[in-house]
Amino acid sequence: MSVDQDKVVRPELFDFHGVSMSHYFTDNWENIQNFKARPDDILIATYPKAGTTWASYILDLLYFGQTAPERQTSIPIYTRVPFLEIAVPSMDSGKQLADKLPTTPRLIKTHFPVQFVPKSFWEQNCKIVYIARNAKDNMVSYFHFDRMNMIQPEPGDWSSFHRRFMEGKMVFGSWYDHVSGWWKKKQTYSKLHYIFYEDMVEDTRGEIDKLCSFLGLSPSVEEKDRITGGVSFDNMKKNNMTNYSTIQVMDFKISPFMRKGKVGDWKNHFTVAQNEEFDEDYKKKMKDSTLQFRTEL
Ligand code: A3P
């Protein structure tokens, strides 16, 4: 993807309807809010760094792996599954890409907290797949991502990032509000399938089976085996269509997009004091939620 590097500068965070955001994801707000969803659109929703690309690739293979194999070798995943709210100068906006998608269904990605999702998705009763990842690993992954991605705010050092994450001062706001808001929505909106990243790592095939039953798909055993193999961390890291190596705003010399793909990498980053502080704060913030995460397998 070619972008005009001069026009791409690291943004500042600001408060947007009560959520900390950067302008790259709010500049196109009116157009996005007026997005016309179709009943068969499928929305993939996540807090950043929870496994969006993994889920996008699985869904893309489930729907189009056999009928349109050339897509897999020629179109990067971020074009096949547009990022609805992104608006970066000299790049097609996510909405433009979504409007141009030739496929049925259209697979569309968002990092919006639930209250920002364009109302048309709810009116059309679209299927939604939400992926959540435990806060500690999500934080670590987000830190390395902000280091290497020039359209993200400066991450600062690890200890200030750790604090800011707990304060919810991240692009797309508070992790705690995001995962809890979507979890609450699941209680009233039946077409929402909530997946945990840790379950995907532990049993990718089992999670693909559950996803298929949610989507009403019944691929053959061979096809499911093929998809499970294709979406492994090592294969996605090698695959130029899924590893983001074709995008210019990311500096892989700082950190690769496909970084580790593990549960528990937080132990290599959190100090004992940071972990205690985090756990105490977590209990308070999540006390009203029934959500349970695993931070190790
Ligand atoms: P790490 O930085 O911990 O390695 P997103 O797609 O939402 O930006 O999430 C990126 C995170 O998901 C990265 O985490 C990336 O390595 C991980 N990921 C992507 N594909 C994966 C896979 N096939 N298996 C495990 N983790 C994967």
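The preceding data block contains the structure.
One structure accompanies this document, and this report is about it. Positions within a chain are numbered from 1, following the residues in the order the chain's sequence is written. Owing to the predicted nature of the model, reporting of local features is limited to residues with pLDDT of at least 70; listing and counting of side-chain atom pairs is limited to 80 or more, with chain, interface and lining totals taken over all residues. Side-chain metrics rest on all non-hydrogen atoms present in the structure, leaving aside hydrogens and water.

1. Side note on the pairing of strand E3 (residues 42-46)
Relative accessibility decides the category of a residue: with a 1.4 Å probe and only protein chains considered, values under 20% of the type maximum give buried, values over 50% give exposed, and everything between is partly exposed. Secondary structure elements are defined from DSSP: runs of H or I of at least 4 residues count as helices, runs of E of at least 2 residues count as strands, and each element is numbered from the N terminus. Summarising burial for E3: five of the five residues are buried, a large majority. Residues Ile42, Ile44 and Thr46 of E3 are buried on one face, and the alternating residues Leu43 and Ala45, pointing to the opposite face, are buried as well. Any two strands with at least two DSSP-identified bridges between them are counted as paired. The pairing of E3 with strand E4 (residues 107-110) spans four bridges and is parallel. Residue Ile42 lies in a different strand from E4, and its bridge partner there is Leu107. Sheet topology places E3 next to strand E5 (residues 127-132); five bridges connect them, and they run parallel. Of the residues in E5, the one forming a bridge with Leu43 is Ile128.

2. Describing the nonpolar core
Residues belong to a common nonpolar core when they are buried Ala, Val, Leu, Ile, Met, Phe, Trp, Tyr or Cys residues joined through side-chain atoms within 4.5 Å. In terms of nonpolar packing, the biggest core is built from 97 residues, with Trp175 and Trp182 touching the most fellow members. Here this core gets nine residues from one element, more than from any other, and that element is helix H2 (residues 52-64). Not counting the four nearest positions on each side in its chain, Trp175 is found in contact with Tyr47, Arg133, Asn134, Ala135, Asn138, Phe165, Tyr282, Met286 and Phe293. Between two residues, a contact is recorded if the distance between any of their heavy atoms is within 4.5 Å.

3. A short note on the side chain of Asp137
Inspection of the secondary structure puts Asp137 in helix H7 (residues 135-148). Counting rule for charge: Lys and Arg are taken as positive, Asp and Glu as negative, and neither His nor the chain ends is counted. By definition here, a salt bridge exists when the distance from a side-chain nitrogen of Lys or Arg to a carboxyl oxygen of Asp or Glu is within 4 Å. No salt bridge is formed by the buried Asp137; its nearest oppositely charged neighbour, Arg133, is found at 5.0 Å.

4. What about the packing of aromatic side chains?
Pairs were defined over the aromatic rings of Phe, Tyr and Trp, the Trp ring being its six-membered one, requiring ring centres within 6.5 Å. Orientation was assigned from the angle between planes: stacked under 30 degrees, edge-to-face over 60, tilted for the rest. Throughout the structure, instances matching the rule amount to 39 aromatic pairs. Here Tyr194 and Phe196 contribute two aromatic rings whose centre-to-centre distance is 5.4 Å and whose plane-to-plane angle is 55°, an arrangement assigned as tilted. Take Phe196: its relative accessible area is 15%, and that puts it in the buried class. Look at NZ for Lys and CZ for Arg. If either is within 6 Å of the ring centre and within 35 degrees of the ring normal, a charge sits over the ring. The ring centre of Phe83 lies 4.3 Å from the NZ or CZ of Lys109, which sits over that ring. Over the aromatic face of Trp266 sits the side chain of Lys136, whose NZ or CZ is 4.1 Å from the ring centroid.

5. What to know about the pattern of salt bridges
Taken as a whole and assessed by the stated rule, the structure comprises 22 salt bridges. Glu167 is the partner of Lys169 in a salt bridge, and the nearest nitrogen-oxygen pair spans 3.8 Å.

6. Let's talk about the site of the ligand
What surrounds the ligand is a group of 18 residues, the closest being Thr52, Thr53, Ser141, Lys260 and Gly261. A distance of 3.1 Å is found between an oxygen atom of the ligand and a backbone nitrogen or oxygen belonging to Gly51. Two N or O atoms form a polar contact when they lie within 3.5 Å of each other; inside protein one atom must be a possible hydrogen donor and the other a possible acceptor, and for residues adjacent in sequence the pair counts only when both atoms belong to side chains. Gly261 has a polar backbone atom sitting 2.7 Å from an oxygen atom of the ligand. Protein chains bury 97% of the 570 Å² of accessible surface belonging to the ligand in isolation. Those elements that provide at least two residues to the shell around the ligand are H2 and helix H13 (233-238). Top element by residues in the shell around the ligand is H2. It accounts for three residues. Each residue belonging to the shell around the ligand can be placed in one class, and the counts come to eight nonpolar, six polar and four charged. Throughout this document, a residue counts as near a molecule or strand when at least one of its heavy atoms sits within 4 Å of that molecule or strand. In short, Shrake-Rupley with a 1.4 Å probe defines the accessible areas, and a residue's cover is counted only from the protein chains shown. Any residue that is not Ala, Val, Leu, Ile, Met, Phe, Trp, Tyr, Cys, Pro, Asp, Glu, Lys or Arg is counted as polar, Gly included; the first ten are nonpolar and the last four charged.

7. A word on the sheet that holds E3
Sheet architecture is open: four strands sit in the order E4-E3-E5-E6, paired in parallel fashion. Looking at the sheet topology across the chains shown, the edges are occupied by E4 and strand E6 (192-196). Taking each pair of neighbouring strands and ignoring which way they run, the sheet shows an average axis angle of 20°. As paired strands, E5 and E6 are joined by five bridges and run parallel to one another. Bridging across to E6, Ile128 finds its partner in Leu192. Helix axes are fitted to C-alpha atoms over the stretch in contact, other axes to C-alpha atoms as well, and angles between N-to-C directions run from 0 to 180 degrees. Its contacts with the sheet put H2 on E3, E4 and E5, and the angle it makes with E3 is roughly 160°. Helix H11 (residues 204-215) contacts E3, E5 and E6 of the sheet and is inclined by roughly 175° relative to E6.

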